[in-house]
Amino acid sequence: MQPLQSWQRWSPPWWSVYNCLSLIAITLTLPAIHLFRLNTGRIYYAFLLALGWLVFANEATAQQRQLPGAPTTLPNAPQRDTNTNKTNTNDWHNEQVSVSFRQLHSEKLYAPDTSIHTFHRRPFSQPWYRNLGNHGGPTTNLLFTPEYRVGPTLGYHLFDVYRFDVDSVHYYNTNRPYSTFTFQLGSKQEQTAELLHTQNIQPNWNFAVKYRKITSPGHFNIQRTNHDNAYLSSNYQSRDQHYELFGALVYNIEQNDENGGIVNDTFLSSQTYEDPLTIPVNFQNDAFGGGPRIRRSPVSNTLRDFSFMVQHRYAFGKTDTLYNEDSTLYRYKFTPRFGLTHRFQVQSQKYRFRDFTPDSLRYDPFFQHSFIGDGFRDSVMMTQRWIMTDNQLLLGGFLGKYENQLRINAGVGIRNDKFTDEYPKGNIRNNIFSSYFIADAAKDAVDTGAWFYNAKAILFTSGEAAGNSLLQAELGKDLGRRFGNILAGFRQEINNAPYNYTTYQTDYDTILTSFNKESVTRLYGTIENDWLKLSGGVRSFLISNYIYLDEKQLPAQYAPTFNLTQIWLRKVFRWRAVVLDNELAYQQIAGGGPINVPLLLGRHQLGLETWVFRDLLQIATGVEVRYHSPYYQAGYAPLFARFHYQNSVEQSNDPELSAFFNFRIKRFRAYVMADQLQLLYLDRNATAAPGYGLPNTMIRFGFTWTLIN
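Quick caveat: nothing in here was measured; it's all calculated off a predicted structure. (Residues numbered from 1 in each chain as written. Predicted model: local features only at pLDDT ≥ 70, side-chain atom pairs only at ≥ 80, totals over all residues. Heavy atoms only, no water.)

S.K.: Please clarify how the side chain of Lys210 should be interpreted in this entry.
M.R.: Residue position: Lys210 is located in strand 7 (residues 205-216). For Lys210, a relative accessible area of 13% translates into the label buried. The contact partners of Lys210, leaving out residues within four places of it in the chain, are Phe164, Glu194, Leu195, Leu196, Asn229, Ala230 and Tyr231. (Helix = DSSP H or I, 4+ residues; strand = E, 2+ residues; numbered from the N terminus. Buried < 20%, exposed > 50% of the residue type's maximum accessible area, 1.4 Å probe, protein only. Contact = heavy atoms within 4.5 Å.)

Quick look at the structure:
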């Protein structure tokens, strides 16, 4: 939250203390409730009632004070005639629009993106992500990134790029109601719609709500996707600046119909199958899922999750009152010295696999079973649930001057993780109680040339997760406009295998495994220079006891230590209205780990960017080419909803070509894009994995409309 302005009035500190202690008392009871195995829905309901009570009580006491948003004046100052001004927020409307946001674990402020340079690019494929040929489908990163996890986890990450995460939602601060509406439409009814609205209820209290819908029947047969993602965030700071609160509600559901890939990759270049919808797929069953518009697959994966988080802090320190020149207005300058922070989070995640028309040959690598008749009498179904409740209590200190403080926190946490496997004839339950120590320190670079750094440590001390740990540290410096920013960092994680690697149960098969703890160490450095329009970095992973799916699509572990090094560089050249944007990435594995990655990745964009019609219309138009070197692409395992290692089929895709036209008029941005243009002179689609081809040549368009009251 930004420092309060001159018109923000002082409120009694006892009320902020009361809010803090009340919320801590309420939330600390929830893990105990959870341990007694009460209904999860009741836990959510009880907590929301508690939060609502705090908000209601705060509003009730606020009625005894000056109305929010009104200028703060001294008692003997002349008062404004309220008959001529019916609103207490008119002063906001006379100011220039100011919209910024931040994330929970960073003090850095960001402004909403209004550029059109890369507006045409898919938002869920940046910079090197790739789906299985359908918008919203399972996604992997061509620039290898291991799974980052601390403590127990369920282990499904195919849709992370589409999901909202409770730790990365945006907390806004705006002096006017701010809304955006985004819509994108592509060939074969591919659609994305997104709504965002945020406004300050009071100058020191904001809320934001965002909803996104992704749906696409797919260019190939029975590969429909249907996603809903939403979050509600709110941040509050007391008028005396001693108390602050951040809260978020997140809901995600991702639904993916599985077609098992096409029967043979050679069909992609066959003249018999010019329309991808006519290419036979492995899970095709014409007797199932027929509809007037979209045929459904008998095999599907669904991932649903809900998260609630609240983090609040009360700080003690020195408060100064600053007056304006004629002493009619004043504001507070608070320098914190000591604080108490509490964080509570509850998360529920559900994964479901269903196959209504199973084939014995399909499951032969996993189990042997002769399904009855045509398959409709049997089905393969499995549901996994994860409910996590987490509490943290931290003591903090603040060192240094107001403008450049070092923040230090240390404390303890307790969490409970409940895993459940459900299938038609039974279930498996596993309850894990853990405790851990946590500490962090951070200092921001407020002035040019100042150092900034942060560090964090988590160590689990009890339960099945005992010994799991996270250590990370970053150090950097802002060297000014001509030299940019430099950053160096370190991160190490030691963790258990995800639950879905160790336990997987259906009516026909049980997979129970155990693995040693996996260790992932990352060293990295980056540089960014806006003046030279240059950025780049290097990253090195050292991995041991790597956990993965092998060529048989079964959980496995590679014990030896191996190394993966990555280097990337981006340089933008501008000459008048001509813009050439170049991105290159190089990665190399040493030590023989079970990972295949392309050695070289590249993307180049050549365009014309200028203003026309007396600077009323901004345009960016040109062409873009993407490519990667040949490599053994990871295969896809629908039964586990994961990519798996394979070393038998090497793919070599031709460079992918697209053309775009982006434009902006005031607060309205739009684009039109033709993608996969290389298929106009080539006869073979690029592939994302063995059996999964990318779409044919297609047209996409979209727009974002910003509304400010």
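S.K.: Looking at this structure, how should I read empty space enclosed by the protein?
M.R.: Empty space among the atoms becomes visible once a probe the size of a water molecule is rolled across them. Tallied over the full model, the rule gives twelve cavities of 30 Å³ or more. As a volume, the largest cavity reaches approximately 480 Å³. Forming the walls of the largest cavity are 31 residues, and the residues nearest its centre are Ser125, Tyr129, Arg130, Arg626 and Glu656. Sorting the residues of the lining of the largest cavity by element identifies strand 2 (129-131), strand 26 (600-612), strand 27 (617-628), strand 31 (668-675) and strand 34 (698-708) as the ones contributing at least two each. The dominant element in the lining of the largest cavity, judged by the number of residues it contributes, is strand 27, at four residues. Tallied by class, residues from the lining of the largest cavity come to ten nonpolar, eleven polar and ten charged. (1 Å grid on protein atoms, 1.4 Å probe; cavity = no way out; pocket = protein on both sides within 12 Å on 5 of 7 lines; lining within 4 Å. Points joined across faces, edges and corners; volume = space filled by probe spheres on them. Nonpolar A, V, L, I, M, F, W, Y, C, P; charged D, E, K, R; others polar.)

S.K.: Looking at this model, I keep getting lost on the nonpolar core. Mind explaining?
M.R.: Nonpolar side chains in soluble globular proteins tend to be buried together. Counting 41 residues, the largest nonpolar core has Tyr156, Tyr351, Phe353, Tyr363 and Tyr504 as the members making the most contacts within it. Of all the secondary structure elements, the ones that give two or more residues to this core are strand 10 (299-323), strand 11 (330-355), strand 12 (380-399), helix 5 (499-502), strand 22 (546-549), strand 28 (635-637) and strand 32 (687-689). Among the elements that take part in this core, strand 12 stands out by supplying four residues, more than any other. Beyond its immediate sequence surroundings of up to four residues, Phe353 is in contact with Val299, Ser300, Asn301, Tyr363, Val380, Met381, Met382, Tyr504, Pro638 and Leu639. Counting 16 residues, the second-largest nonpolar core is a separate cluster that includes Val99, Val166, Ala208 and Val250. (Core = buried A, V, L, I, M, F, W, Y, C linked by side-chain atoms within 4.5 Å.)

S.K.: Which parts of the structure should I look at to understand a nonpolar patch on the surface?
M.R.: Nonpolar side chains collect at one region of the surface, where Phe573, Trp575, Val578, Leu580, Leu606, Leu608 and Val623 lie side by side and expose about 630 Å² of accessible area between them. When residues of the nonpolar patch are traced back to their parent elements, those giving at least two are strand 24 (562-575), strand 25 (578-590) and strand 26. With respect to the element layout, Trp575 can be found in strand 24. For Trp575, a relative accessible area of 58% gives the class exposed. (Patch = residues over 30% accessible without salt bridge, like charges linked within 9 Å, V, L, I, M, F, W, Y side chains within 5 Å. Areas by Shrake-Rupley, 256 points an atom, 1.4 Å probe, with all protein chains shown as cover. Salt bridge = Lys/Arg side-chain N within 4 Å of Asp/Glu carboxyl O.)

S.K.: Explanation requested: the layout of surface pockets in the structure shown.
M.R.: Put simply, the second largest pocket is a space of about 560 Å³. Looking at the second largest pocket, it is lined by 25 residues, and the ones nearest its centre are Gly260, Asn282, Gln553, Tyr636 and Pro638. Looking at the lining of the second largest pocket, the elements that each hand over two or more residues are strand 11 and strand 28. Tallied by class, the residues present in the lining of the second largest pocket amount to 13 nonpolar, eight polar and four charged.

S.K.: What am I meant to see in the environment of Asn206 here?
M.R.: Within the secondary structure, Asn206 sits in strand 7. The class for Asn206 is buried, based on a relative accessible area of 0%. Residues Asn206 and Gln237, 31 residues apart in the sequence, show an inter-C-alpha distance of 9.4 Å. Here Gln199 takes part through its backbone oxygen, which lies 3.0 Å from a polar atom of the side chain of Asn206. (Polar contact = N/O pair within 3.5 Å; in protein donor to acceptor, adjacent residues only side chain to side chain.)

S.K.: Just checking my understanding: could you explain the pairing of strand 12 for this structure?
M.R.: For a regular strand, the rule is simple: side chains alternate between the two faces of the sheet. Within strand 12, 15 of the 20 residues are buried, which leaves it mostly tucked inside the rest of the structure. Sheet topology places strand 12 next to strand 13 (residues 406-423); 17 bridges connect them, and they run antiparallel. In the sheet register, Gly397 faces strand 13, and the bridge partner there is Ile408. (Pairing = 2+ DSSP bridges.)

S.K.: Explain unusual backbone geometry to me, please; I cannot follow it from the model alone.
M.R.: With the exception of glycine, most residues fall at negative phi, and the peptide bonds are largely trans. In the segment running from Gln126 into Pro127, the intervening peptide bond is cis, with an omega of -10°. The residue Pro127 is located in the loop between strand 1 (99-102) and strand 2 in this model. Backbone geometry at Lys533 places phi at a positive 55°, although glycine is not the residue there. The topology assignment puts Lys533 in the loop between strand 20 (518-529) and strand 21 (534-544).

S.K.: Sorry, what's going on with the environment of Asn259 here?
M.R.: For Asn259, the location among the structural elements is in the loop between strand 9 (243-258) and strand 10. Relative accessible area serves as the criterion here: at 3%, Asn259 is assigned to the buried category. On a C-alpha basis, the gap between Asn259 and Ser300 in space is 8.6 Å, while along the polypeptide they are 41 residues apart. Non-local contacts of Asn259, meaning those with residues more than four positions away in its chain, are made with Phe220, Asn221, Ile222, Gln223, Val281, Asn282, Phe283 and Tyr692.

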